[in-house]
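Structural overview for review
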Amino acid sequence: MLSFLRFLARRLIAIPIAFFIVTLILYGVAALSPIEIRAKLYWPPGASEEWLALNGGAEAVRRLNEQVIKQYGLDDPFPVQYARWLSQLLRGDWGSSFAVNDVLPALLHRTPVTAELTLYSVLLLIPLGLASGVVAGLEKEPPPRPRISAARLCRDLDPVLYPGAALAGVFLRQSQVVPAGEAQRL
């Protein structure tokens, strides 16, 4: 029982550490894009470069970008921006998106359907996992296991990580947060 409590304590301690590392990396990758591109994410609904070009030209785009950069502190140092973003995230202010005004209520609205799909997938995967474990246990001689290898490390990483990273890359390219084909020299 004591070993289980130690295991549980280690897992509970790892959650905020993993959360901090993942959010720092995600916010850091988004912060690598040029400030004008990031400012477009904060433009009011209905404002587009085409509309602004027709109603004020490049000067209107520049003014709106300057206003957004100042209002949201996009020109502040990275640690200040990250701390501000993280505090808003933890307070439940998840901002807005192109599709909905407030992200958090929209996510909460979709949570029951997500939970239902998760339950169905768990009900399917647990019997499959048990069956494959029984079959593996029936083998007379298990295959040799290397102590540690890069392939084993990659295999043991969370399987959701790879498709999630790929989808994040597609999203960043499609939303033009990271301009396609442009390299930044350091």
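The structure under discussion appears in the preceding block.
This report concerns the structure included in the present document. (Residues numbered from 1 in each chain as written. Predicted model: local features only at pLDDT ≥ 70, side-chain atom pairs only at ≥ 80, totals over all residues. Heavy atoms only, no water.)

**Quick word on the overall build of the protein chain**
Helix and strand counts for the protein chain stand at eight helices and zero strands. Along its sequence from the N terminus, the protein chain presents helices and strands in the succession α-α-α-α-α-α-α-α. Scored against the burial criterion, the 186 residues of the protein chain give a buried share of 14%. Across the protein chain, every contact between residues at least 6 apart in sequence was considered, and the portion connecting residues at least 24 apart equals 51%. When the accessible surface of the protein chain is split by element, carbon and sulfur atoms take 68% of a total near 15,100 Å². (Helix = DSSP H or I, 4+ residues; strand = E, 2+ residues; numbered from the N terminus. Buried < 20%, exposed > 50% of the residue type's maximum accessible area, 1.4 Å probe, protein only. Contact = heavy atoms within 4.5 Å. Areas by Shrake-Rupley, 256 points an atom, 1.4 Å probe, with all protein chains shown as cover.)

**So, helix H1 (residues 2-31)**
The terminal C-alpha atoms of H1, which comprises 30 residues, lie 44 Å apart, in line with the 44 Å expected from a rise of 1.5 Å per residue. Buried residues in H1 make contact with helix H5 (78-91). (Expected span 1.5 Å × (residues − 1).)

**Focus: the side chain of Ser33**
By secondary structure assignment, the location of Ser33 is in the loop between H1 and helix H2 (35-40). In terms of polar contacts, Ser33 uses its side chain to reach the backbone carbonyl oxygen of Ala30, at 2.9 Å. (Polar contact = N/O pair within 3.5 Å; in protein donor to acceptor, adjacent residues only side chain to side chain.)

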